[in-house]
Amino acid sequence: MNGEAATDGVASSTVARQRWRLLSRAVASYGQGKSVSVKELNSLTTVRQFCQFGLFDITEAAGARSADEFVEQTWQHVDHPEIRLQLYLRQRVPATACLTPAALGDGNNNSKTTNSSIIGSNQSGNGNNTGNICVWPSEEVLAHYVIAQAKAGELIPKEFDGDSGIRVCELGGGLTCLAGLAAGAALRPRLSHLLLTDGDQLACENAARCLTANRQILTGGEDQTSRIEARVAQLAWEDADFDKHNYGRFHLVLCADCLFFRESHRALIRTLDKLLMLPTPAATGSNKHRGGLALICAPSRGRSVEDFARLAEAAGFDVGVSDNYDPRVSQTASAEQSASFVPDLHLPLMLRLTRR
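As a starting point, this report considers the structure included with it. (Residues numbered from 1 in each chain as written. Predicted model: local features only at pLDDT ≥ 70, side-chain atom pairs only at ≥ 80, totals over all residues. Heavy atoms only, no water.)

This part is about the sheet that holds strand E2 (residues 56–60). Pairing between sheet strands relies on hydrogen bonds along the backbone, with the strands arranged either parallel or antiparallel. Ordered in space as E2-E3-E4, the 3 strands form an open sheet in which the pairing is antiparallel. In this open sheet, the two strands that pair with only one neighbour each are E2 and strand E4 (84–90). The average angle at which neighbouring strand axes cross in this sheet is 30°, direction not considered. Pairing geometry for E2 and strand E3 (residues 70–77), over 5 bridges, is antiparallel. Counterpart to Asp-57 in the pairing with E3 is Gln-76. (Pairing = 2+ DSSP bridges. Helix = DSSP H or I, 4+ residues; strand = E, 2+ residues; numbered from the N terminus. Axes fitted to C-alpha atoms, helices over the stretch in contact; angles between N-to-C directions.)

In structure tokens form, the structure reads like this:
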């Protein structure tokens, strides 16, 4: 690990208490048929208080607000403006988003729920629906990172493409699967397969909407539809029928902010093991990651990242964890003076996993 995110125990405790009070009010509001706006959520010290690292210029399309409470936005990368992604995001945050009475725990940031219990909607299938709220900072950072690395030729070396092109998958991509779309756009025309997934049905429905809006940038406006296979799937890490879906294996698997539920760590590791391409006998030394690379971006959150890394290493993965992986992210974090910016909650670490 190239460093370790600092944790201010007093600040974290204060943040936690304020967060639970807000969540309690939000659940009470839901009982009255109300909703909580993003601005209202951000007005208090919550995990969502620090919203973005400013890695994309965001504009809202004229007349883009729709009856289904989603708004169309353009996310344009600050360093590579040719990467312009169309996203559909909530205008307001529903009071049930990631909020159930069980989720409030004991008021000290000790949630009593598990991954599968935070549904918040009987229309959802598996997994939690935290991705139904917004684009979280870790997703923004991971999208930026894959763009920067791809443009520098350092994400997937060309000699690893083979004849079939690059296969990319995102796990737990939420409403937009921004990181997966960004990787697909940045790797064009080498991209051959793009699988965007989440465990929540509603998130998948909106991710499919985003995928449709970005098909042109994924193909470069060329007639490559027959060569590029891009789809959205509702993928549950604990699915007993996982192997029957024939997802295939991937050169690159992305995952943002999915480590906060420790109960899900082993299921995620098993899923990565099934999705990452296996190393070939000749893949040694610098070529070892020919067998597939997983990038996971997430804040430490009480050392949840470190706990996951230990489990992954025990399961046969080589794991690298860094808090100094991108100059823009580091500069923003260093310059952030707000008391609401708690590195343990808001500074994403970058994990690189490859099979031994």
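Further remarks concern the pairing of E3. Across the 8 residues that make up E3, a large majority, 6, are buried. Adjacent in sequence and paired antiparallel, E3 and E4 are bridged by 6 residues. (Buried < 20%, exposed > 50% of the residue type's maximum accessible area, 1.4 Å probe, protein only.)

Before going further, it helps to examine helix H7 (residues 265–275). For H7, the full list of buried residues reads His-265, Ala-267, Leu-268, Ile-269, Thr-271, Leu-272 and Leu-275. Packed against the buried residues of H7 are strand E6 (166–171), strand E9 (252–256), strand E10 (293–299), helix H8 (304–314), strand E11 (317–322) and strand E12 (348–355). (Contact = heavy atoms within 4.5 Å.)

Here the focus is helix H4 (residues 178–187). For H4, the buried fraction is high: 10 of the 10 residues fall into the buried class. Taken together, the buried positions of H4 are occupied by Leu-178, Ala-179, Gly-180, Leu-181, Ala-182, Ala-183, Gly-184, Ala-185, Ala-186 and Leu-187.

Bringing the side chain of Thr-74 into the picture now. Residue position: Thr-74 is located in strand E3. On the accessibility criterion, Thr-74 (8% relative accessible area) is buried. Side chain to side chain, Thr-74 and Gln-86 meet in a polar contact 3.0 Å long. Contacts of Thr-74, omitting those with residues within four sequence positions, involve Asp-57, Ile-58, Thr-59, Arg-84, Leu-85 and Gln-86. (Polar contact = N/O pair within 3.5 Å; in protein donor to acceptor, adjacent residues only side chain to side chain.)

Considering all chains together, one arrives at 2 cavities of 30 Å³ or more under this definition. As a volume, the largest cavity reaches approximately 50 Å³. Lining the largest cavity are 10 residues, and of these Pro-137, Asp-257, Pro-299, Arg-301 and Leu-345 lie nearest its centre. Sorting the residues of the lining of the largest cavity by element identifies helix H3 (137–151) and helix H10 (343–346) as the ones contributing at least two each. Among the residues forming the lining of the largest cavity, the class breakdown is 6 nonpolar, 2 polar and 2 charged. (1 Å grid on protein atoms, 1.4 Å probe; cavity = no way out; pocket = protein on both sides within 12 Å on 5 of 7 lines; lining within 4 Å. Points joined across faces, edges and corners; volume = space filled by probe spheres on them. Nonpolar A, V, L, I, M, F, W, Y, C, P; charged D, E, K, R; others polar.)

Now for the nonpolar core. Core analysis: the largest hydrophobic core is formed by 55 residues, its most contacted members being Leu-142, Val-168, Leu-181, Leu-252, Leu-254 and Leu-295. Per-element accounting of this core gives the leading share, 8 residues, to H4. Those residues in contact with Leu-254, other than ones at most four positions away along the chain, are Leu-142, Val-146, Val-168, Cys-169, Glu-170, Leu-171, Ala-179, Gly-180, Ala-183 and Leu-295. The next biggest cluster of nonpolar side chains, apart from the first, holds 32 residues, and it includes Cys-258, Leu-259, Ile-269 and Ala-294. (Core = buried A, V, L, I, M, F, W, Y, C linked by side-chain atoms within 4.5 Å.)

So, on to the pattern of salt bridges. One pass over the full model with this rule turns up 10 salt bridges. Across the pair Arg-328 and Asp-79 runs a salt bridge, and its minimum N-O distance is 2.8 Å. Pair noted here: Arg-328 is in helix H9 (residues 327–335) and Asp-79 is in the loop between E3 and E4, with a separation of 249 residues, a long-range link. Using a relative accessible area of 34% as the deciding quantity, one classes Arg-328 as partly exposed. Across the salt bridge formed by Arg-310 and Asp-307, the nearest N and O atoms sit 2.2 Å from each other. Of the two residues, Arg-310 and Asp-307 both sit in helix H8, 3 residues apart, roughly one turn of that helix. Note on Arg-310: relative accessible area 47%, which makes it partly exposed. Here the residues in one salt-bridge network are Arg-262, Asp-307 and Arg-310, joined through shared partners. (Salt bridge = Lys/Arg side-chain N within 4 Å of Asp/Glu carboxyl O.)

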